[in-house]
Amino acid sequence: MSNIGDKIRYNIKDYLTEKEVNKLMDLFDKIKLDLSDNSFPTRTNRLEAVENMKKVLEIHNYVVSEYEPEAQDEEIKMPFPDARDQHLINKNLNKATGGK
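Below is a short write-up of the structure. Being a predicted model, the structure only gives us computed values, none of them experimental.

**Thoughts on the overall build of the protein chain**
Part 1: Secondary structure assignment for the protein chain yields 5 helices and 0 strands.
Part 2: Along the protein chain, helices and strands appear, N-terminal first, in the series α-α-α-α-α.
Part 3: By residue count, 13% of the 100 residues in the protein chain fall in the buried class.
Part 4: Of all intrachain contacts in the protein chain linking residues separated by at least 6 positions in sequence, the fraction that spans at least 24 positions is 33%.
Part 5: Summing over all exposed atoms, the protein chain offers an accessible surface of approximately 9100 Å²; the carbon and sulfur share of this is 55%.

**Comments concerning the nonpolar core**
Among soluble globular proteins, nonpolar side chains are generally buried collectively.
Part 1: Judged by nonpolar contacts, Leu-24, Leu-27, Ile-31, Val-56 and Ile-59 together constitute the single largest core of 5 residues.
Part 2: When residues of this core are traced back to their parent elements, those giving at least two are helix H2 (18–34) and helix H3 (43–59).

**A closer look at H3**
Part 1: Here H3 is 17 residues long and its end C-alpha atoms lie 25 Å apart, about the 24 Å a rise of 1.5 Å per residue gives.
Part 2: Among all positions of H3, only Ala-49, Asn-52, Lys-54, Val-56 and Ile-59 are buried.
Part 3: In this fold, the buried residues of H3 make contact with H2.
Part 4: Remark: Asn-61 follows H3 within two positions and exhibits a positive phi of approximately 70 degrees.

**Observations regarding the packing of H2 against H3**
Part 1: Axis separation between H2 and H3 bottoms out at 9 Å; the angle between their running directions is 160 degrees. The pairing of H2 with H3 is recorded here as roughly antiparallel in orientation. Note on packing geometry: the crossing formed by H2 with H3 is left-handed. Residues Glu-20, Lys-23, Leu-24, Leu-27, Phe-28, Lys-30, Ile-31 and Asp-34 of H2 form the contact with H3, whose own contacting residues are Asn-45, Glu-48, Ala-49, Asn-52, Met-53, Lys-55, Val-56 and Ile-59.
Part 2: Taken together, the residues of the contact of H2 with H3 sort by class into 8 nonpolar, 2 polar and 6 charged.

**Structural notes on the pattern of salt bridges**
Part 1: Counted under the stated rule, the structure contains 3 salt bridges.
Part 2: Asp-26 serves as the salt-bridge partner of Lys-30, at 3.4 Å between the closest nitrogen and oxygen. Remark: Asp-26 and Lys-30 occur in helix H2; sequence separation between them is 4 residues, near one turn of the helix.
Part 3: The exposure class assigned to Asp-26 is partly exposed, which follows from its relative accessible area of 33%.
Part 4: Two residues, Glu-51 and Lys-54, come together in a salt bridge whose shortest N-O distance is 3.4 Å. Of this pair, Glu-51 and Lys-54 both sit in helix H3, 3 residues apart, which is roughly one turn of the helix.
Part 5: On the basis of relative accessibility, which here comes to 35%, the residue Glu-51 falls in the partly exposed class.

Reading the values: the criteria
- Residues numbered from 1 in each chain as written.
- Predicted model: local features only at pLDDT ≥ 70, side-chain atom pairs only at ≥ 80, totals over all residues.
- Heavy atoms only, no water.
- Helix = DSSP H or I, 4+ residues; strand = E, 2+ residues; numbered from the N terminus.
- Buried < 20%, exposed > 50% of the residue type's maximum accessible area, 1.4 Å probe, protein only.
- Contact = heavy atoms within 4.5 Å.
- Areas by Shrake-Rupley, 256 points an atom, 1.4 Å probe, with all protein chains shown as cover.
- Core = buried A, V, L, I, M, F, W, Y, C linked by side-chain atoms within 4.5 Å.
- Expected span 1.5 Å × (residues − 1).
- Axes fitted to C-alpha atoms, helices over the stretch in contact; angles between N-to-C directions.
- Parallel < 35°, antiparallel > 145°, perpendicular 65-115°, else oblique.
- Left-handed = near helix turned anticlockwise from the far one by under 90°.
- Nonpolar A, V, L, I, M, F, W, Y, C, P; charged D, E, K, R; others polar.
- Salt bridge = Lys/Arg side-chain N within 4 Å of Asp/Glu carboxyl O.

Below, the structure written as structure tokens:
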């Protein structure tokens, strides 16, 4: 599974308790149910399945978090000029070339 240093540091064990096994079986059943539709599963069912998958990973000592983008500068958010920027660019270009 992992080296002995990680096992001691993170309290990782090589086995699951009976309670964990029962919880996993319940989660697997829920995941299968959420995704078992003959057509494409609904968004609600897909997100419910993902939540249950996260719980499975957490039982196995994985840290799972939701994606939260960091605050970004306006320049990073808008890598291309917007309409106002384009207007100013054209205005300055016209001044520089003698146009209107």
